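Now for the letters of each chain:
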Amino acid sequence: MVVSSLKLQDLIEEIRGAKTQAQEREVIQKECAHIRASFRDGDPLHRHRQLAKLLYVHMLGYPAHFGQMECLKLIASPRFTDKRVGYLGAMLLLDERQDAHLLITNSIKNDLSQGIQAVQGLALCTLSTVGSAEMCRDLATEVEKLLLQPGSYVRKKAVLTAVHMIRKVPELSNIFLPPCAQLLHERHHGILLGTITLITELCERSPAALKHFRKVVPQLVQILQTLVTTGYSVEHSISGVSDPFLQVQILRLLRILGRNHEESSEIMNDLLAQVATNTDTSRNAGNAVLFETVLTIMDIRSAAGLRVLAVNILGRFLLNNDKNIRYVALTSLLRMVQSDHSAVQRHRPTVVECLREPDASLSRRALELSLALVNSSNVRAMTQELQSFLESCLPDLRADCASGILLAAERFAPTKRWHIDTILRVLTTQPLVQVAAWCIGEYGDLLLEGGCEETEPLQVEEEKVLALLEKVLQSHMSLPATRGYALTALMKLSTRLRGDNNLSLPCHILELKGRLPSHSHATLWPSRIRQVVSIYGSCLDVELQQRAVEYNTLFRKYDHMRAAILEKMPLVERGGTQDEEAKESKEAQLSEAALVPTEPQASKLLDLLDLLDGTFGATQPPPALEPSPGGTLVHLLDLPCASPAPASIPNLRVFEREGLQLNLSFVRPPGTPALLLITVTAVNTSGADVTHFVCQAAVPKSFHLQLQAPSGDTVPAQGGLPVTQLLRILNPNKAPLRLKLRLTYNHFGQSVQEIFEVNNLPVEMWQ
Amino acid sequence: MIKFFLMVNKQGQTRLAKYYEHVEINKRTVLETEVLKSCLFRSNEQCSFIEFKDFKLVCRRYAALLIVVGVNDTENEMAIYEFIHNFVEVLDEYFSRVTELDIMFNLDKVHIILDEMVLNGCIVETNRARILAPLLILDKMSES
């Protein structure tokens, strides 16, 4: 039975006539069965019609894989209508993962060399959509031939097929690079557009190509100039702007070529200024070109005046009524805020206004930009704006906004009080109650003492605090987490409240608590708290029940440990970026100073240790002598490195020979009892200079010694500027100090070496 | 680079779907529904550019049809917005005051027009006369 096949139109009518989803599916399944039968029978005349129907059905979402082989047959047929549908089917149904797609390679090859433009166009279109790597390699030469043919219809398609091929097989760039220069001379906009895209793709893939194409920058500038200055051209103008698509593509390529390259950027400067000022901004096309221009100005090494122009253009965009333009302006400003911060700051009021937009995309962008613009001078105003935004914004933006406000507050808070106020305003009810409960628990004793630095002190009664926490526990609105916080806070208060913290009093006194004066309540707090806690021992919420039972046990069996367990949290080390930076810079300075002398001295001091006798210990504690600054400087960082305060220990002259005198002065800084600073001063009263003066020291094993760099190694004659050197000795065990010194120098043409122990060290040095 | 080009009506039925980057067939319907959800509930006063996963959507509404184009990060959204209008103008000229039904019943011709304008995700031709030339020749051939 031959069923006359439906035309595509009729099928569509039928599908539209179906009232329900099930009916539609029925119609389609019936039709698919027909189509399958027809494919099996191999009817060549109506094949294209069947495939067209199949494609329609496929678009609606139904499976259509059985049509793949039919596509191949249709492509191979000589009729154009067949080929047309066949190629369309190939584009929609085939993809790289199917094996069938390789079979069309041969057909495409034949079609490409045929010479009929329409057919070639079809083949190129399909190749650029589904071409896999092998296909591209096979057909590359064909496409290259087509690039240079006279017909523009085929050439523009061939250029874009080349783009696809390069994306799939980067090695083919070599084949497609030479024709580009020639193609740029074309006047046909389609070819130009394709060529610019091809060059862009080549430049993005290889830096060598980028260098090669920098040569064509003048040519591109010329093309763009002609576009901008010629008047109304019927062919390509869109709302009065001549071929905005080509302009945008050229600008994008100029951006890639001019990035980080002074020369090219200079050539482009004038042109960019011209485009920026001459483009008609009343319609969207003009604004599109202007937007691309601004992006290009930002990315290349442009003149300062040009950048100012770009920022002003963006400012104008922000004030425009059209939402799209505002969105685009906000996006670009966000990109610029790192590099041109002050310029963007000028537009801050407008950005803040955009926060109030009801549109989701705009408000998200405005939020990001506002957070980036917060600095120490505008933090108060900005936080106020952001807070009002937080109340009215969409739920998905709320999290970002809140965290942004808190981060900004932390970085730029003018006073601590303002910081805390801001945090309080950002927190909504439940989190606020949780934070408050935790604070009351931890710092309850501070709360009850009263006293606050900036406002008048509020006197809070213990009774009120406990009643409040009990209210939180009982309130219907509290989340289980909040109740958990409140319970723990109550427990902590049991150790923090004033008064006798034991449970020796019997419970029936609790009944009288309402009538007793406040001072005798002091002894009843733990019992009261215990009673509240034990109520929750039978609570339905498992978390609360567990807490209550454990706390109760704490009261009952481990009362002696209660205070220790409920102790305050230790303070968190507030590293903070400023403290860390200061520490790091100090480390860097000190490491430079200490590294130089410790390196050579390390080896020499080992010799010294060999000479010293056993009482001093053969091994000094290594950290004192290692070149690495890490260990040694730990001690140094505790204290300032300034010159020592005036000594309270008398100076000592330890050495004298032929006019060279060595004095020791001692300082014990008051903050660190274990540290002793010794300054060794070498003075030369003789007639000849002392050169290559080196002083080394050794101390017993339990001490840490640090030698800093001497002020010089020449002690000038006749009492000239003395050489000083600082010794830092750490004496954690408060052991008696013994010090041995070794001097080497040249004096009167002779080299001298002296080793001696310093005696008569005053007792104050180590006690 | 353009990733996909969709034309959907208000009830959510796809009238034209062209993908320039491979997406699995079953994932296509999911993608289309999600895209619809973000775009359908926009009024005309709102911004036409939406951020969606890792690419951007540019939507434009024409009476009952919504055209959505998905582009990657490097593309200029406003140029694409203009391109959509260009496409609709071409359709308008070919079909003389195009309606949704025209697109439905002549889907293959619409595909041909789109293929003339966009190749592999890049815009290739925007001149109305040149786009419609091969199509008009084709029509003349099939009539005779």
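Rules of the game
- Residues numbered from 1 in each chain as written.
- Chains lettered and ligands numbered in written order.
- Predicted model: local features only at pLDDT ≥ 70, side-chain atom pairs only at ≥ 80, totals over all residues.
- Heavy atoms only, no water.
- UniProt positions renumbered as here; feature names shortened; annotations may be inferred.
- Helix = DSSP H or I, 4+ residues; strand = E, 2+ residues; numbered from the N terminus.
- Buried < 20%, exposed > 50% of the residue type's maximum accessible area, 1.4 Å probe, protein only.
- Contact = heavy atoms within 4.5 Å.
- Areas by Shrake-Rupley, 256 points an atom, 1.4 Å probe, with all protein chains shown as cover.
- Buried area = accessible area lost by both parts, 1.4 Å probe.
- Salt bridge = Lys/Arg side-chain N within 4 Å of Asp/Glu carboxyl O.
- Polar contact = N/O pair within 3.5 Å; in protein donor to acceptor, adjacent residues only side chain to side chain.
- Nonpolar A, V, L, I, M, F, W, Y, C, P; charged D, E, K, R; others polar.
- Pairing = 2+ DSSP bridges.
- Axes fitted to C-alpha atoms, helices over the stretch in contact; angles between N-to-C directions.
- Parallel < 35°, antiparallel > 145°, perpendicular 65-115°, else oblique.
- Left-handed = near helix turned anticlockwise from the far one by under 90°.

As recorded by an unreviewed UniProt entry, chain B carries the name AP complex subunit sigma and is attributed to Zalophus californianus. Per UniProt, the comment on chain B under Subunit (unreviewed entry) is "Adaptor protein complex 4 (AP-4) is a heterotetramer composed of two large adaptins (epsilon-type subunit AP4E1 and beta-type subunit AP4B1), a medium adaptin (mu-type subunit AP4M1) and a small adaptin (sigma-type AP4S1)." According to the UniProt record, the Sequence similarities (unreviewed entry) comment for chain B reads "Belongs to the adaptor complexes small subunit family."

Looking up chain A in an unreviewed UniProt entry gives the name AP-1 complex subunit gamma, with the organism given as Zalophus californianus. We quote the UniProt Sequence similarities (unreviewed entry) comment for chain A here in full: "Belongs to the adaptor complexes large subunit family."

J.: Sorry, what's going on with the overall build of chain B here?
T.: Each helix and strand counted, chain B has five helices and seven strands in total. Mapped in sequence order, the helices and strands of chain B form the string β-β-α-β-β-β-α-α-α-β-β-α. Per-residue burial for chain B yields a buried fraction of 62% across its 144 residues. The contacts of chain B with a sequence gap of at least 6 include a subset with a gap of at least 24, amounting to 50%. Of the roughly 6,000 Å² of accessible surface on chain B, a fraction of 52% belongs to carbon and sulfur atoms.

J.: Teacher, can you tell me more about the interface of chain A and chain B here?
T.: Think of interface size as the accessible area that goes away when the parts come together; that is how it is often given. Taken together, the contact pairs 52 residues of chain A with 48 residues of chain B. Buried surface at the junction of chain A and chain B, both sides included, amounts to about 4,900 Å², of which 57% is carbon and sulfur. Looking only at chain A, the three residues that lose the most surface to chain B are M59, F245 and N324 of chain A, adding up to 13% of its buried area. The interface formed by chain A and chain B contains five salt bridges. For D115 of chain B, the salt bridge identified is with R84 of chain A, shortest N-O distance 3.6 Å. Where chain A meets chain B, there are 11 residue pairs in polar contact (both at pLDDT 80 or more). Ranked by residues supplied to the side of chain A that touches chain B, first place goes to helix α9 (residues 152–168) of chain A with eight residues. Looking at the side of chain A that touches chain B residue by residue, the classes come out as 22 nonpolar, 15 polar and 15 charged.

J.: Help me understand the pattern of salt bridges, please; the structure alone is not making it clear to me.
T.: Where side chains of opposite charge bring their charged atoms close, a pairing between them can arise. Counted according to the given criterion, the structure contains 32 salt bridges over all chains. E31 of chain A is the salt-bridge partner of K53 of chain A, the closest N and O atoms lying 3.0 Å from each other. Of this pair, K53 of chain A sits in helix α3 (residues 47–59) while E31 of chain A sits in helix α2 (residues 21–41), and the two are 22 residues apart along the sequence. Accessibility expressed as a relative area gives 0% for K53 of chain A, which makes it buried. By sharing partners, the salt bridges in this structure join R252, R255, R259, E292 and D299 of chain A together with E75 of chain B into a single network.

J.: Sorry, what's going on with the side chain of K18 of chain B here?
T.: If you trace the backbone, K18 of chain B turns up in strand β2 (residues 14–19). Classification of K18 of chain B as buried rests on a relative accessible area of 2%. Polar side-chain contacts of K18 of chain B include one of 2.4 Å to the side chain of D115 of chain B. Discounting chain neighbours no more than four positions away, the residues touching K18 of chain B are M91 of chain A together with K3, F4, F5, H111, L114 and D115 of chain B.

J.: Can you walk me through the environment of G258 of chain A in this structure?
T.: All names here are of chain A. Mapped onto the elements, G258 comes out in helix α14 (residues 244–258). Since its relative accessible area comes to 0%, G258 is described here as buried. Taking the C-alpha atoms as reference, G258 lies 8.7 Å from V217; in sequence the two are 41 residues apart. Discounting chain neighbours no more than four positions away, the residues touching G258 are S264, S265, M268, I300 and R301.

J.: Whenever I open this one, the sheet that holds strand β3 (residues 49–52) of chain B confuses me. Can you help?
T.: Sheets are built from strands paired through backbone hydrogen bonds, the pairs being either parallel or antiparallel. Residues and elements named next belong to chain B. One open sheet holds the five strands; their spatial order is β2-β1-β5-β4-β3, and the pairing between them is antiparallel. Of all strands in the sheet, those bounded by a partner on one side alone are β2 and β3. The average angle at which neighbouring strand axes cross in this sheet is 20 degrees, direction not considered. Where strand β1 (residues 2–9) lies against strand β5 (residues 65–71), seven bridges are found, and the strand directions are antiparallel. Paired with L6 across the two strands is V68, which belongs to β5. The strands touched by helix α1 (residues 25–40) are β1, β2, β3, β4 (55–62) and β5; relative to β3, the strand with the most contacts, the crossing angle is about 135 degrees.

J.: What should I look at first to understand the packing of helix α16 (residues 284–299) of chain A against helix α2 (residues 77–95) of chain B in this one?
T.: In the contact formed by α16 of chain A and α2 of chain B, the axes pass within 8 Å of each other and the chain directions differ by 155 degrees. Here α16 of chain A is positioned roughly antiparallel relative to α2 of chain B, judged by the angle of their axes. In this structure, α16 of chain A crosses over α2 of chain B, and the sense of that crossing is left-handed. Contacts from N284, A285, N287, A288 and F291 of chain A in α16 of chain A reach E77, M78, A79, Y81 and E82 of chain B in α2 of chain B. Looking at the contact of α16 of chain A with α2 of chain B residue by residue, the classes come out as six nonpolar, two polar and two charged.

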